[in-house]
Amino acid sequence: MLFGLDPSPAHACRVLELGCGDGGNALSIAQALPEASVLGVDASPVAIERGTALADAAALENVRLRCAMFESLTEGLGSFDYIVSHGVYSWVPPPARAALLACVKRCLAPKGIAFVSYNAYPGSYLRDMARDILAYHVRDIEDPQRKLAAAQELMQTIVAIEEPSPFARVLREHMERMLGYSDALLFHDDLAEVSTPFYFHEFVEHAARHGLQFLSEADLFESQMRDLPDSAAPLMAGLPDDAVVREQYLDFFKNRMFRQTLLCHAEASVNRALDDREIERCWIASSARPSEEEEKEEQQVEPAQPPQQTFATPEGFTVTSSEPLVIAALHALEHAWPQALSFRELLEQAIAGTDLEVPIEQAAARLREVLLQAYLARIAQLLGSPPSVAGDPPERPLASALARSQHAAGSHALSSLLHANARLEDELEPRLFELLDGTHDRAELARELDAPPEQVEEALARLAWVGLLQAE
Ligand SMILES: C[S@@+](CC[C@H](N)C(=O)[O-])C[C@H]1O[C@@H](n2cnc3c(N)ncnc32)[C@H](O)[C@@H]1O
């Protein structure tokens with residue numbers, strides 16, 4: 001929408017996921033958007049079977065997983081508003097990559113948008129270095145567990161080298177990060193047989209051969225010029241006014257390793273001068289909270305000075321403002337979280353939180369500007385539809401069906417209604433979670449768990465905050 005397109009509203013959209021694995025993403029979309037319909041396709045029968053069993057257990061009727069190779073999908077899948085292919089393009093051989101993009105072109109609705117992620121150069125040369133070293137080390141090992149153990153042992157040895165040369169230090173830091181990966185990620189990513197990075201321009205050229213064009217990065221934070229050093233400005237100013245070229249140089253400056261690129265049909269008319277008026281059609285959410293130090297400082301500020309306030313997200317992104325409208329808007333979003341507010345609701349609440357007397361359209365224009373910046377800085381989310389999630393825990397809390405089925409199947413990563421991963425903490429939350437089927441009131445929950453009511457309230461509030469409780 002910000003780029004002048006008119007994509008289908010999210011709440012009832014048609015989604016295709018290519019290379020959906022066991023449906024971790026597809027099922028989560030289906031749960032978060034009950035009126036949407038989701039089709040996942042993957043070549044692995046085991047993964048499709050596992051995902052289908054989970055969808056059945058969670059009674060998700062709007063998702064279907066189908067076992068097929070991209071190469072065999074020549075016709076008949078239908079038309080989709082959104083197509084997702086995450087962690088696939090770089091990990092399949094050239095014919096499957098071409099079949100994937102051909103399928104995107106064939107199945108994408110005229111106003112549709114596709115998401116394709118892949119490993120990127122130049123940063124992935126570092127990844128290649130680690131991959132080559134590990135591939136040599138595990139070359140004669142067949143068993144996946146032994147392969148993983150051997151790879152981890154070699155990485156631990158390299159990480160432990162005390163005084164590495166500058167080049168070796170870079171590798172050491174990369175391997176230190178890799179040692180933090182889950183076994184599944186290490187196995188399917190860096191130990192995979194095929195893992196082919198691309199320069200951004202190569203990927204865009206491949207997409208263009210299939211009648212698709214670059215729209216933007218999925219996370220616009222990644223496409224911002226603000227991280228560039230001032231010294232890069234003359235060079236950037238001399239580049240052609242071409243989004244692909246400019247993005248490519250951003251990768252050179254940032255040494256980017258991974259991309260999540262949005263594509264649309266080559267015929268679509270894209271306006272890259274981000275149009276903030278579209279924000280009026282969005283729902284807005286933010287997990288940013290006032291940082292405690294600033295709250296204290298605010299009390300010490302002289303009354304004549306405009307009080308400044310800093311808000312920070314749990315991921316550490318911060319915004320500081322002394323503008324009453326901005327502070328009031330951030331407080332309104334803080335109180336609403338995990339729910340989202342429509343632009344009008346947010347505008348009204350922000351104005352009510354100040355004693356400003358400006359025409360409403362002037363306040364709306366300022367709020368749009370601020371929200372666009374907050375979105376680009378990962379402070380606020382702009383959503384196509386509001387998540388159906390409880391704000392405060394309801395009297396008889398009901399946890400999301402998918403998360404309950406995942407928990408029952410022994411999974412630690414649960415899909416929240418915010419389409420994110422959530423985990424249960426402590427000893428109480430897993431036991432509490434099993435009782436959240438909407439039939440128990442809060443007093444019963446405390447009795448069943450033999451826990452102090454305040455502790456149960458606290459746990460429920462946290463589960464609501466991470467988006468695991470359904471709206472009533
Ligand atoms: C690295 S996994 C990514 C899975 C999932 N998208 C995720 O992010 O967890 C790549 C997936 O692509 C599937 N795949 C590989 N080649 C394929 C092909 N030719 N046709 C269909 N699926 C394929 C694999 O079975 C695997 O599930």
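Residues numbered from 1 in each chain as written. Predicted model: local features only at pLDDT ≥ 70, side-chain atom pairs only at ≥ 80, totals over all residues. Heavy atoms only, no water.

### Some thoughts on the site of the ligand
Inspection of the region around the ligand gives 15 residues, with Gly19, Asp42, Phe70, Glu71 and His86 positioned closest. Separating a nitrogen atom of the ligand from a backbone N or O atom of alanine 43 is a distance of 3.2 Å. Side-chain polar atom of glutamate 71 to a nitrogen atom of the ligand: 3.0 Å apart, as the coordinates give it. Burial of the ligand by the protein chains amounts to 72% of its free accessible area of 590 Å². Classifying every residue of the shell around the ligand by side-chain character gives 7 nonpolar, 5 polar and 3 charged. (Near = heavy atom within 4 Å. Polar contact = N/O pair within 3.5 Å; in protein donor to acceptor, adjacent residues only side chain to side chain. Areas by Shrake-Rupley, 256 points an atom, 1.4 Å probe, with all protein chains shown as cover. Nonpolar A, V, L, I, M, F, W, Y, C, P; charged D, E, K, R; others polar.)

### Focus: the sheet that holds strand E11 (residues 318-321)
Read from one edge of the open sheet, 3 strands run E9-E10-E11, paired in antiparallel fashion. Each edge of the open sheet is held by one strand with a lone partner, namely strand E9 (289-290) and E11. Bridge analysis of E9 against strand E10 (residues 309-312) gives 2 bridges, and the strand direction is antiparallel. Residue proline 290 lies in a different strand from E10, and its bridge partner there is phenylalanine 311. Relative to E10, helix H12 (residues 324-336) is tilted by about 35 degrees, and along the sheet it contacts E9, E10 and E11. (Pairing = 2+ DSSP bridges. Helix = DSSP H or I, 4+ residues; strand = E, 2+ residues; numbered from the N terminus. Contact = heavy atoms within 4.5 Å. Axes fitted to C-alpha atoms, helices over the stretch in contact; angles between N-to-C directions.)

### A word on helix H7 (residues 183-190)
Inspection of H7 places Leu186, Asp189 and Asp190 among the buried residues, and these make up the whole buried set. Summarising the axial view, the buried residues of H7 lie within an arc of 90 degrees, below the 170-degree limit, and thus occupy one face. Where the residues of H7 are buried, they touch strand E5 (108-119), helix H4 (124-137), helix H5 (144-159) and helix H6 (166-179). (Buried < 20%, exposed > 50% of the residue type's maximum accessible area, 1.4 Å probe, protein only. Arc of directions from axis to C-beta.)

### Description of the pairing of strand E7 (residues 258-265)
Counted residue by residue, E7 has 6 buried out of 8 residues, so it is predominantly covered. With 5 bridges connecting them, strand E6 (residues 212-217) and E7 associate as antiparallel partners. Opposite glutamine 213, over in E7, you have cysteine 264 as the bridge partner.

### Overview of unusual backbone geometry
In this model, tyrosine 121 is joined to proline 122 through a cis peptide bond whose omega is 10 degrees. Structurally, proline 122 can be placed in the loop between E5 and H4. In this structure, histidine 419 takes a positive phi of about 60 degrees despite not being glycine. As for its position among the elements, histidine 419 is in the loop between strand E14 (414-415) and strand E15 (421-422). The partly exposed category is assigned to histidine 419, whose relative accessible area is 37%. Not every positive phi belongs to a glycine, and aspartate 450 is a case in point at roughly 55 degrees. Note that aspartate 450 resides in the loop between helix H17 (442-449) and helix H18 (453-465). Using a relative accessible area of 72% as the deciding quantity, one classes aspartate 450 as exposed.

### So, H12
Here H12 spans 18 Å end to end across 13 residues, near enough to the 18 Å set by a 1.5 Å rise per residue. Residues Leu325, Val326, Ile327, Ala328, Ala329, Leu330, Ala332, Leu333 and Ala336 constitute the buried set of H12. Turning to H12, the residues buried within the fold contact strand E8 (283-285), E10, E11, strand E12 (341-342), helix H13 (343-352) and helix H14 (360-376). (Expected span 1.5 Å × (residues − 1).)

### Digging into the pattern of salt bridges
Per the stated rule, a full pass over the model turns up 24 salt bridges. Between lysine 111 and aspartate 6 there is a salt bridge, and its shortest N-O distance comes to 3.3 Å. Taken together, the residues span a long stretch of sequence, with lysine 111 in strand E5 and aspartate 6 in the segment before strand E1 (14-18) at a distance of 105 residues. The class for aspartate 6 is partly exposed, based on a relative accessible area of 40%. Note that glutamate 267 is salt-bridged to lysine 105, the shortest N-O span being 3.6 Å. One end of the pair, glutamate 267, is in the loop between E7 and E8; the other, lysine 105, is in helix H3 (residues 94-107), and 162 residues separate them in sequence. The exposed category is assigned to glutamate 267, whose relative accessible area is 62%. Through salt bridges with shared partners, a single ionic network connects Glu217, Glu247, Asp251, Arg256 and Arg259. (Salt bridge = Lys/Arg side-chain N within 4 Å of Asp/Glu carboxyl O.)

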